[in-house]
Amino acid sequence: VCSQWQQERTRFHSALVSVDWGDGGKSDFTLQMQVIADSGAGSSFLPRVVKERLRPTLYDIRTATILMADGTPMQGPSTGAKASFRFAESSQPNQWHSHDFQVHTTRAGPGIIGNDFWRGKKAIFDYDKQQITLRSGTAWETIPFRCADTDSKSHSAAALHEEKGIPVRAMYDMYLRPNEG
């Protein structure tokens, strides 16, 4: 399962940032890893390994159950956690952030810092410079990011489009109301 995430990460064309997970600087222990900096509408997800190693305070959350293409239900996480982290390659290396995350239910789930974090920090993603600038207190913080696919095709959305056969999974038509899909 872990290798499945590693394979997916090598195909991922979005921002990856290095993060130190810890206790807000109270001790020297940190857990460093790359996470996805999601500039879309996604929520933040805490990798299960961070939950297991750092043991942040957990609490119950409510998430939606969605229907997959074949009609089977998929439940979102039911656990949240407030976790502290800093960006390892930041212009403000001692700046710790605390944020509420949904906790992945599987070990394979990637760490995601979602738009629920970036929006509050007035973050600006600059894909030409491959950096994120965000508001940290009264100062601006700059964080470099990388894209997993660094070949020339990744610089053009049109170049990424390929005709591929996509298997159809729905066995019947499903009608969704607004905001259901």
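Here the residue numbering is sequential within each chain, running from 1 through the sequence in written order. Under the rules for a predicted model, residues below a pLDDT of 70 receive no local features and side-chain atom pairs below 80 are neither given nor counted, while totals for whole chains, interfaces and linings still include all residues. Working from all heavy atoms in the structure, the side-chain values ignore hydrogens and water.

Take the overall build of the chain next. Helix and strand definitions follow DSSP, with helices as H or I runs of at least four residues and strands as E runs of at least two, each counted in order from the N terminus. Scanning the chain from N- to C-terminus turns up 4 helices and 13 strands. For every residue, the accessible area (1.4 Å probe, protein chains only) is compared with the maximum for its type, and the residue is labelled buried under 20%, exposed over 50%, or partly exposed between those bounds. Taken over 181 residues, the chain has a buried fraction of 31%. Throughout, a residue-residue contact means that at least one pair of heavy atoms, one from each residue, lies within 4.5 Å. Considering only contacts in the chain between residues 6 or more positions apart, those separated by 24 or more positions represent 56%.

This next bit is on the nonpolar core. Side chains that are nonpolar tend, in soluble globular proteins, to be buried together. Note on terminology: a nonpolar core comprises buried Ala, Val, Leu, Ile, Met, Phe, Trp, Tyr and Cys residues joined through side-chain atoms within 4.5 Å. Val17, Trp21, Phe87, Ile113, Trp118 and Ile132 are the most contacted members of the largest nonpolar core, which has 24 residues in total. Residue assignment for this core shows that the elements contributing at least two residues are strand S1 (15–22), strand S2 (31–37), strand S7 (79–87), strand S8 (97–103), helix H3 (115–118) and strand S11 (131–136).

Attention now moves to the pattern of salt bridges. Only one rule defines a salt bridge in this text: a Lys or Arg side-chain nitrogen within 4 Å of an Asp or Glu carboxyl oxygen. This model, assessed by the stated rule, comprises 4 salt bridges. The shortest N-O distance in the salt bridge between aspartate 100 and lysine 82 comes to 3.5 Å. Taken as a pair, aspartate 100 in strand S8 and lysine 82 in strand S7 lie far apart in primary sequence, 18 residues in all. Its relative accessible area of 35% is what places aspartate 100 among the partly exposed residues.

A word on the pairing of strand S12 (residues 139–144). Strand pairing follows a simple DSSP-based rule, namely that at least 2 bridges must link the two strands. For S11 and S12, the ladder comprises 6 bridges, and the chain directions are antiparallel. Paired with leucine 134 across the bridge in S12 is glutamate 141. Once S11 ends, the chain turns through 2 residues before running back antiparallel as S12, passing glycine 137 with a positive phi of about 65°.

The next subject is the environment of tyrosine 59. Along the chain, tyrosine 59 falls in strand S4 (residues 58–60). The partly exposed category is assigned to tyrosine 59, whose relative accessible area is 31%. The spacing of tyrosine 59 and serine 78 is 19 residues in sequence and 8.5 Å in space, taken between C-alpha atoms. Filtering out sequence-adjacent residues up to four positions away, tyrosine 59 remains in contact with Ser78, Thr79, Gly80, Ala81, Lys82, Asp100 and Phe101.

With respect to the helices and strands, the residue histidine 97 is situated in strand S8. Residue classification places histidine 97 among the buried positions, given a relative accessible area of 2%. At a separation of 3.0 Å, a polar atom in the side chain of histidine 97 contacts the side chain of glutamate 141. Not counting residues within four places of it along the chain, the set of residues in contact with histidine 97 comprises Ala83, Ser84, Phe85, Phe87, Phe117, Lys121, Leu134, Ser136 and Glu141. Nitrogen and oxygen atoms within 3.5 Å of one another constitute a polar contact, given that in protein one can donate a hydrogen and the other can accept it, and given that sequence-neighbouring residues count only through two side-chain atoms.

The next subject is the confidence of the model for the chain. pLDDT gives the predictor's per-residue confidence on a scale running from 0 to 100. Taken residue by residue, the chain gives an average pLDDT of 77. The fraction at 70 or more is 72%. Mean pLDDT values for the elements of the chain range from 38 in helix H4 (residues 157–160) up to 94 in S12. Throughout residues 149–168 the model reports pLDDT below 50, and contacts reaching past four residues in sequence, or to other chains, amount to 10 contacts.

Attention now goes to the pairing of S7. Inspection of the sheet shows S1 paired to S7 by 4 bridges, in the antiparallel sense. Each residue of the ladder has a partner; that of tryptophan 21, found in S7, is phenylalanine 85. As defined by bridge partners, S4 adjoins S7 across 3 bridges and the pair is classed as antiparallel. Looking across to S7, one finds that tyrosine 59 is bridged to glycine 80.

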